[in-house]
Structure formats: C-alpha cells, structure tokens
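# Overview (structure and organization)
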Amino acid sequence: MAKKKSEFEIYLLSLPGKEKEKLESFMASIDTYCILGKKELKAMKNDFQNALLWYASNGVDTDTAIRYLNPADFGGFFARKSLLWFPLDDAAKVYPLSMKSNFMAVFRLSCIFKEDVVPQLLQIALNFTVKRFPHFATTLKKGVFWHYLNASKHRYTIEEENSVPCSPIRLERTGSQTFRVLYWKNRVSVEFFHVLTDGTGGMRFLKSLAAEYLRLKELLEDDEEYEFLNSFPVKEESENAFECYLQKVPPAGFMDRLAVQMNGKLSNGPSRIIHFRMDTKSLLDAAHKHNATVTAFLLALMFMAGRSATDSMNGEHAVQVPVNMRKYHPSRTLSNFSMYFMVREELDSISDIDSLIEDIGRQIREKGTEENMDRMVASAARFVRMARYVPMVIKQPVAKQIYGFLGDKLFSNTLSNLGTVQLPEVYSKYIDSMQFVLGTGITNRAACALVSYNGVTVFSVTKYTADPTFEERMNSLLKAENISFTVEGSAVWK
Amino acid sequence: MEVKNVYPPVKRRSRASDIATCIIKWVFATGSTASVIVNLLTGSPWWCATVVTGCAVLWYLFLSPRLVERNAIGFFIRISCCAALVLSVIGYTLSPGWAGFVIPMVSGAGLLISMILLLSDKEGQKNNVHPALLLSLVTVAGSLVYFFRENTMFRDRLVSGISALTGLVFIIVAISVLGMDFFRELRRRFHLK
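Small disclaimer: the values here were computed from a predicted structure and weren't measured.

### As for the domain arrangement of chain A
How big an interface is tends to be expressed through the accessible area that disappears when the partners come together. For chain A, the domain assignment lists domain 1 (9–72) and domain 2 (254–489). Relative to domain 2 of chain A, the C-alpha centre of domain 1 of chain A lies at a distance of 46 Å.

### Some remarks on the interface of chain A and chain B
Between chain A and chain B, the residue contacts involve 56 residues of the former and 37 residues of the latter. When chain A packs against chain B, close to 4100 Å² is buried across both sides, 55% of that on carbon and sulfur atoms. Considering only the side of chain A, the residues that lose the most area to chain B are A:Trp85, A:Glu172 and A:Asn268, jointly responsible for 16% of the buried surface there. Counting every contact that joins chain A to chain B gives three salt bridges.

### A short note on the sheet that holds strand β4 (residues 147–151) of chain A
Residues and elements named next belong to chain A. Here three strands make up an open sheet; going across it, the order is β1-β4-β3 and the pairing antiparallel. The sheet is open, and its two edges are formed by β1 (85–87) and β3 (138–142), each paired on a single side. Taking the axes of each pair of neighbouring strands and ignoring which way they run, one obtains an average angle of 30° across the sheet. Of the strand pairs in this sheet, β1 and β4 are connected by three bridges, and their pairing is antiparallel. From the neighbouring strand, Phe 86 faces β4, where its bridge partner is Leu 149.

### Regarding the pattern of salt bridges
Close approach of charged atoms allows side chains of opposite charge to pair. All names here are of chain B. Scanning the model with the defined rule gives 35 salt bridges over all chains in all. The shortest N-O distance in the salt bridge between Arg 189 and Glu 69 comes to 2.8 Å. With Arg 189 in helix α8 (residues 180–189) and Glu 69 in the loop between α2 (48–63) and α3 (72–93), this residue pair connects regions lying 120 residues apart in the sequence. Like Arg 189, the residue Glu 69 is buried in the burial classification. Among the ionic pairs, Asp 181 bridges to Arg 184, the shortest N-O distance being 2.7 Å. Placement of the pair is Asp 181 and Arg 184 together in helix α8, with a separation of three residues, close to one helical turn.

### A short note on the environment of A:Ser338
Residues and elements named next belong to chain A. Its place among the elements puts Ser 338 in strand β10 (residues 338–346). Taking the C-alpha atoms as reference points, Ser 338 and Pro 322, separated by 16 residues in sequence, lie 6.5 Å from one another. Residues in contact with Ser 338, not counting those within four places in the same chain, are Asp 198, Phe 242, Val 323, Asn 324 and Met 325.

### Digging into a nonpolar patch on the surface
Residues and elements named next belong to chain B. A cluster of nonpolar residues, Leu 58, Phe 62, Phe 75, Phe 76 and Ile 113, forms a patch on the protein surface that exposes about 420 Å² of accessible area. When contributions to the nonpolar patch are tallied by element, the ones reaching two or more residues are α2 and α3. Residue placement: Phe 76 occurs in helix α3.

### Quick notes on the packing of helix α11 (residues 294–308) of chain A against helix α12 (residues 353–367) of chain A
Residues and elements named next belong to chain A. At a minimum axis distance of 9 Å, the contact between α11 and α12 shows a crossing angle of 125°. By the criterion of interaxial angle, the relationship of α11 to α12 is oblique. For the pair α11 and α12, the sense of crossing is right-handed. Between α11, through Thr 295, Ala 296, Phe 297, Leu 299, Ala 300, Leu 301, Phe 303 and Met 304, and α12, the contact on the second element is made entirely by Ile 353, Leu 356, Ile 357, Ile 360 and Ile 364. Looking at the contact of α11 with α12, its residues break down into 12 nonpolar, one polar and no charged.

### Here we look at the domain arrangement of chain B
All names here are of chain B. Taken domain by domain, chain B holds domain 1 (16–65) and domain 2 (71–193). A separation of 27 Å is found between the C-alpha centroids of domain 1 and domain 2. Between domain 1 and domain 2, the residue contacts involve 10 residues of the former and 10 residues of the latter. Between domain 1 and domain 2 lies a buried interface of about 880 Å² when both sides are counted; carbon and sulfur atoms form 86% of it.

### As for the state of the cysteines
Using the criterion set out here, one finds zero disulfides over all chains in the structure. For the unlinked cysteine B:Cys22, the closest cysteine sulfur is that of B:Cys55, found at 16 Å.

### Re α12(A)
With 15 residues, α12(A) should reach 21 Å at 1.5 Å per residue; the first-to-last C-alpha distance of 20 Å fits that figure. In this fold, the buried residues of α12(A) make contact with α11 and β10 of chain A.

### Thoughts on the sheet that holds strand β12 (residues 431–439) of chain A
Residues and elements named next belong to chain A. As summarised here, the arrangement of the five strands in space is β5-β6-β7-β2-β12, forming an open sheet in which the pairing is mixed. In the strand order of this sheet, the two ends are held by β5 (158–160) and β12, each with one partner. For this sheet the average axis-to-axis angle between neighbouring strands, irrespective of direction, equals 25°. With six bridges connecting them, strand β6 (residues 179–184) and strand β7 (residues 187–193) associate as antiparallel partners. Of the residues in β7, the one forming a bridge with Leu 182 is Ser 189. The strands touched by helix α6 (residues 119–129) within the sheet are β5, β6 and β7, with β6 carrying the most contacts at an inclination of about 160°. Strands in contact with helix α7 (residues 199–218) are β2 (106–113), β6, β7 and β12; relative to β2, the strand with the most contacts, it is inclined by about 30°.

### Looking at the packing of aromatic side chains
Counted according to the given criterion, the structure contains 30 aromatic pairs over all chains. Ring centres 5.0 Å apart and planes at 85° place the aromatic pair A:Phe74 and A:Phe78 in the edge-to-face group. Ring centres of B:Phe28 and B:Trp59 lie 6.5 Å apart, and the angle between their planes is 70°; on these two criteria the pair is classed as edge-to-face. Of this pair, B:Phe28 sits in helix α1 (residues 16–42) while B:Trp59 sits in helix α2, and the two are 31 residues apart along the sequence. B:Phe28 sits in the buried class, given a relative accessible area of 19%. One cation-aromatic arrangement involves B:Arg155 over B:Phe101; the distance from NZ or CZ to the ring centre is 4.4 Å.

Reading the values: the criteria
Residues numbered from 1 in each chain as written. Chains lettered and ligands numbered in written order. Predicted model: local features only at pLDDT ≥ 70, side-chain atom pairs only at ≥ 80, totals over all residues. Heavy atoms only, no water. Domains from an automatic or database assignment. Contact = heavy atoms within 4.5 Å. Buried area = accessible area lost by both parts, 1.4 Å probe. Salt bridge = Lys/Arg side-chain N within 4 Å of Asp/Glu carboxyl O. Pairing = 2+ DSSP bridges. Helix = DSSP H or I, 4+ residues; strand = E, 2+ residues; numbered from the N terminus. Axes fitted to C-alpha atoms, helices over the stretch in contact; angles between N-to-C directions. Buried < 20%, exposed > 50% of the residue type's maximum accessible area, 1.4 Å probe, protein only. Patch = residues over 30% accessible without salt bridge, like charges linked within 9 Å, V, L, I, M, F, W, Y side chains within 5 Å. Areas by Shrake-Rupley, 256 points an atom, 1.4 Å probe, with all protein chains shown as cover. Parallel < 35°, antiparallel > 145°, perpendicular 65-115°, else oblique. Left-handed = near helix turned anticlockwise from the far one by under 90°. Nonpolar A, V, L, I, M, F, W, Y, C, P; charged D, E, K, R; others polar. Disulfide = S-S within 2.5 Å. Expected span 1.5 Å × (residues − 1). Phe/Tyr/Trp six-rings, centres within 6.5 Å; stacked < 30°, edge-to-face > 60°. Lys NZ or Arg CZ within 6 Å of the ring centre and 35° of its normal.

Written out as structure tokens, the structure is:
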C-alpha cells in the first residue's frame, strides 16, 4: 500500500519547480546543522515543515520564510556534541537535595501576547533560543558529593498547558529538561526548576524567547534582542556568583522564630492562581500617597490581608522578601543570585496602614542592606563548605529531614518583586503584560509575586488553600486605595 | 470577587498512588517492627534481620521514586546491590556457608548486564555508567580480599576471581568505549564545587 503523503509533501507538489527545489534544499540544509538522533532530527524537520506551512497559509513568500527560519541561526549548537557541565550555585544546591515527588521548587514566568500564540512558530523560536542558554540546555545529574547540570543537546519541546501551574518537573529520564515551555491561548509560560536560575535569569530567557517568537511571527527586523540571541554565551553567565562575590563578613544565621500561618486546609500543590492586573501609574500614585515604595505599600496590604486570613490571636506574621543580589554586585550570571530578608509584624500591631507602612519601610531599610545580604551569602557559602566532603548518600536524607521539618514555617507569605521588564519599544505593540507565579509553598497558604511591563503591573497570588479570605481582602484593600485593576486567574483546582 | 478565568481546565494529579504508598509504608513498618519483637521473644536464629532488610530493599527498589537518573544501568546495579545485601544477611544470620559463593555471582551478573547495555547504546548510556563503575570497584576490591583470604574454598575462590575479572573487564570496556568521556564523567561525578 502506498504511504499517505504528509501535508508538507502535498504542499511541495503544489509548488512550481523552482520554489519546490528551494524548499527541498532548505530542508536538506537542516541536516548540516543538526547531528541529533534519527527521531529527534525527524521531529526538528517536522517543526520547520509546520512553520513553513504556517507561513504559506498566511501569505508569506518562500524566500522570506526561508530567511526567517534559517537553520544557521542554530549557531552550531546542534551540530556538535557538548562537553559542558555546570556545578550548581550555592543557592541551588539545596533544591535537589530537598525535592520530593510531589514537591519541587518551581516558578513560572509568563508573557501575555495581544494575539493567540502560534505553536508552530513558538517551537521554532524555542529551537533558536535554547542555543544562547547552554546553562539551561542541561539535565540534572547526581554526583557523589553534589548534583550538577550536564549539557543535554536535544530538541526542547513546547507543550500546551494542561496541568496545574508549577507542577513538579519530571527529571528522572536521561536528558530530561529542567524547564518547560507552555502555551495557552495568548500566553507563553516558562516554568523553571529553581536549580537552574532565579527570576532575573528566567526573565532573560523569556524575553529572548518572546522576542524571537515575535520576530518570526511579525517578521520583525533584527534588533538588540536578536543580537543578544546570536551572541556567544559568556562564562560569567553560568558562574556561581555567590562564590565570586563572597565578602569577608561574619555570616548571618538563617534561623528565626516560627511565623503564624494563615488558616485553611492545605492543598496538594497550588489550589488557585489569582492575578491582580493593575495600572502601574495608579499603583505608584497610591504608594506615593503613603510616602512608600511599591514593595512597602503592597507588603502592608499583604499583612492586612494575611491578618484577616488567620484565626491566631498572637504571634508574628512574616513575609519573605527575595533580594536580587545583582543590585549590589554587578554579576551577569543567569544562575541563582538572590538572597532574602524577612519583614515581621506582631499580629496585634497590624491595624493601621500608615503605621504599618512606616514600620515596613524601616525594616526594609535596615534588613535589606548590602552588608546584611552579604552576610546571608556568607552563610550559604559556609553551609556549602561544611557539607562539601559529605557524600550525597548521607547529605540528602539529612537535608530532606531538615527541610521537611522546617520548610517554609519561618514565614507566612512571600513577596517577590521582579520590577519592570525592559524590552525594545517595538514589542509593546504585541505584548500585553508579563506574569510571575511562585510555586514553592509547603505550609504557607499563599505566595505573591509582582512584575511590571508596559504600564501594567501584575500582582500574582498562588494559593495553597481553597479559603478565599486573603485574596478577597487584598481585592477590597486595593479598591479602597483607588487603584485601577482587574482580577484574572484560575478556578479553584480541587 | 469576580475572577476572569484565564487558565485551561486541568486535572490534578491523583493522590491514589500517594495514599497507597503511605499504606504500604505503614504495613512494612508494622511488619518489620512486629518481626523484631517476635524474634526477640523467640530467640535466635535472627530471621527478623532478613524481614527488615527485605522490606527496606523492596521499599527502596519499587516504592521510593527515583527523582533523578532513572535508567536501565542504574536499575540493574541497584537490584544487584540489594540482592547481594539480602543474600549476605540471610547467609550471616540463617544459613552460613554459601553467601561468599553467590554474592560475587550476583554482582558479576549486574556488571555483565550493564556492559551489554553500554555496548548496545553507547550514546544513550555514556552518562549513566557511574553506578556500574562504583559497583565494579567494590566488586574488584571485595573479590580480591575474599580471594586471598585464608580458608576460602576453591569454588568460592574461583567465583570471586571471575567476579573480580568481570569488574576489571567492565572498567576496561568502559574506558575503551567512552575514551575521554570516561574521565570527564569521573571528574563530574566526584566534583566538590
């Protein structure tokens, strides 16, 4: 029986001779740039065929399509085997030691486009983007003393979103990727295992992916994002910045008092995601009205909402605030380089927003100093040095027990502020907003994250309980401050 | 509060397997504890050691999920090590005299299977030889000690000699098949950074 012709083959037959030849030679040229296994190469070629078909159905001529899909943009990434491997940075070392089958430190960064995503082009964009991030094109391996990242050159795949955000990433198979790219309607999300990078490094990847996708879809001219994507990766991007910028300061302890937790039955993973999509200007105005920064202002609202979501009468409510260490040390690393401090408030002192803001501002100024953050870095370095020669077979169960016992009980909530995302002006025509979702709760009932782009600030709440008190109180507090916002999110996942 | 749904309908991962694992965990723990108590009351032979080790091995092999590096070589090496452990416990507590003959055969068999897997898929398995390498080093060292020990029977000496040889052959095959990759792999696996 004759083999059924594929859609691409039928399309080729419909073309005039010269066009057909051009496309055939283009498809053959892919072999030169990829030394992947048979199955992977077939899938890669299939990606190009799907993209070419999409271009054809959208009236893009063959020459333009071939120019934009040039496999030379792989830059030799798939043309040679990689010998690279990367030791984990000081902050990342704890994540694989403490992970379980149902718990993994995963966070999500999303880009919301103004139009629905074209998966055919997103896949090609990922194929082109991954080469610039060799540190991300890796798989997690287990050494005798520490885990490490081993280069893994294969076709990285996109998936349609169909699971709860920040679900554990399956790492056990040979070559498993440590991040995943998802799409749903007009949203592209990248979920990273924290072992790979932090919010800043992850955002660098998402920006490149989004820019490459838009270049392919809107046939944009080459710009600084394209230049970055086609530049050589540098050593500093995968360095352990904790080691490079280790200061001679006395280490600070990680231990603190246990914090009061919000009430509500804990769910197995996130139970709901809520995005407060705010107008950046009105948020800034509201914060300035209280003489506060956006972080201090939102922290105050979080303390008020958190107070409503607990039945405890005494104790402290604490919010963990991650700090990007690149702010103090000019590192180009795409690995983890952030520390954190805690803002703590006695439950009975949480009543008036202005006095709360004043105290939060004071705590941020005192605790978030360069010296204090360097002391935290020194603590992480001290832990790594101490555990260095202990074989994994001993280290892993101990870390699991400590993490299982302590987990996130030192704080009640988190506020991670990624700040404003910078992209060339041209992209604002196509990108609506960005989102940042945390997915690391163990006993915390909520984790919050903030990111701004193009005049839109998205405050995302990841809930670990069906109890809606926290988000509903946040909603009413934001309304009371006259901030213009809309609420998006998910249904409650049972 | 009105929330515009911007997420697809999703199915949460079933907790049935977690619950089943938890139940089995308790069955194993109760069984092991009961066997120790009964054995303490009845006195030697210490068969409870076999029950406890057997439960721990079953748990480790089949119920504790491997989160990193679940591959064929690793699986066979773990089976060999666990079988050797259970056999040595049985040999020591219940029926002495044959463990020294059987254990080298078990570890040798594990190495032989690993060698076949490596040779059949060099590219796929080149980063997975680490557990087999560790087992081969332990096998060579253990077998040589047993080989040169006084009062070792001829058949035990023969089997441990073959086992040590299998370990050595595995190392030589791994070096010749993987070349420089073998030494790179060693460097990565033992890194302290």
